[in-house]
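Chain residues, written in single-letter form:
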Amino acid sequence: MIVKLVAILFMSMLSFCASSNTAMNQFLLAAQTGLNEPTEANDTRMNVVSSFLEEAQFRFNAIEGNEFDANALEQSYEIRVKPKAWGQSEIEENILDLRSNQQNHHYNVALNTALKNRYLILLSYLEQHNTTQYFFKLANLATQEIRLIRREVMGEKFNTEKLLGAVEMFEQSKAL
């Protein structure tokens, strides 16, 4: 229970830090650049003609004869139309909607994965940054403690073990 509370607090602090830092925002927004975003151009909606007709053909035939016979110059035009079955256009429209939903789902999954990876990178960065800041502050605190203990060298409160411990803490925090 406490772990969940700490995780929620940490994520809310991370989101606050990300909203206040434009570099982090740009880093997270860059997750979209590599993805193929579903667009309206990919959406193949049926127009009025294709929603009712399965196949349409226009045929033109011209026969040239000789110059003396007027009947030999024949031209013919033919339109062939094959209508769709009852309810076929509705089913095709449903299939196109499902395909569009599937593309949106794949895009959202890819975007979520990219964002998750970038959030993990940010968490790692923030952890490293906070750890580094902690060790800098620890080294600073150890330096102050060493100065304080060295001031007490001539007094009765001087303790060599405290001085050695402070120097060792300073060296360790500096090394880390």
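The rules behind each value
Residues numbered from 1 in each chain as written. Predicted model: local features only at pLDDT ≥ 70, side-chain atom pairs only at ≥ 80, totals over all residues. Heavy atoms only, no water. Patch = residues over 30% accessible without salt bridge, like charges linked within 9 Å, V, L, I, M, F, W, Y side chains within 5 Å. Areas by Shrake-Rupley, 256 points an atom, 1.4 Å probe, with all protein chains shown as cover. Salt bridge = Lys/Arg side-chain N within 4 Å of Asp/Glu carboxyl O. Helix = DSSP H or I, 4+ residues; strand = E, 2+ residues; numbered from the N terminus. Phe/Tyr/Trp six-rings, centres within 6.5 Å; stacked < 30°, edge-to-face > 60°. Lys NZ or Arg CZ within 6 Å of the ring centre and 35° of its normal. pLDDT = per-residue confidence, 0-100. Buried < 20%, exposed > 50% of the residue type's maximum accessible area, 1.4 Å probe, protein only. Contact = heavy atoms within 4.5 Å.

1. Quick word on a nonpolar patch on the surface
Reasoning step 1: Together, Phe58, Phe60, Tyr77, Ile79 and Val81 line one region of the surface with nonpolar side chains, adding up to about 600 Å² of accessible area.
Reasoning step 2: Contributing elements (two or more residues each) for the nonpolar patch: β1 (53-63) and β2 (74-83).
Reasoning step 3: When residues in the nonpolar patch are grouped by element, the largest group, 3 residues, is from β2.
Reasoning step 4: As for its position among the elements, phenylalanine 58 is in strand β1.

2. A look at the packing of aromatic side chains
Reasoning step 1: This model, assessed by the stated rule, comprises 1 aromatic pair.
Reasoning step 2: The ring of phenylalanine 27 is capped by arginine 118, whose NZ or CZ atom sits 4.7 Å from the centre of that ring.

3. Considerations on the confidence of the model for the protein chain
Low-pLDDT portions of the prediction should not be read for the details of their coordinates.
Reasoning step 1: For the protein chain, the average pLDDT comes to 75, and 69% of its residues sit at 70 or higher.
Reasoning step 2: The element-level mean pLDDT for the protein chain is lowest in helix α1 (residues 2-20), coming to 58, with helix α4 (residues 88-151) highest at 86.

4. Regarding the environment of leucine 122
Reasoning step 1: As for its position among the elements, leucine 122 is in helix α4.
Reasoning step 2: With relative accessibility at 6%, the residue leucine 122 sits in the buried group.
Reasoning step 3: The spatial distance from the C-alpha of leucine 122 to the C-alpha of methionine 24 is 7.9 Å, given a sequence separation of 98 residues.
Reasoning step 4: Once you skip the residues sitting within four places of it in the chain, leucine 122 turns out to touch Met24, Phe27 and Leu28.

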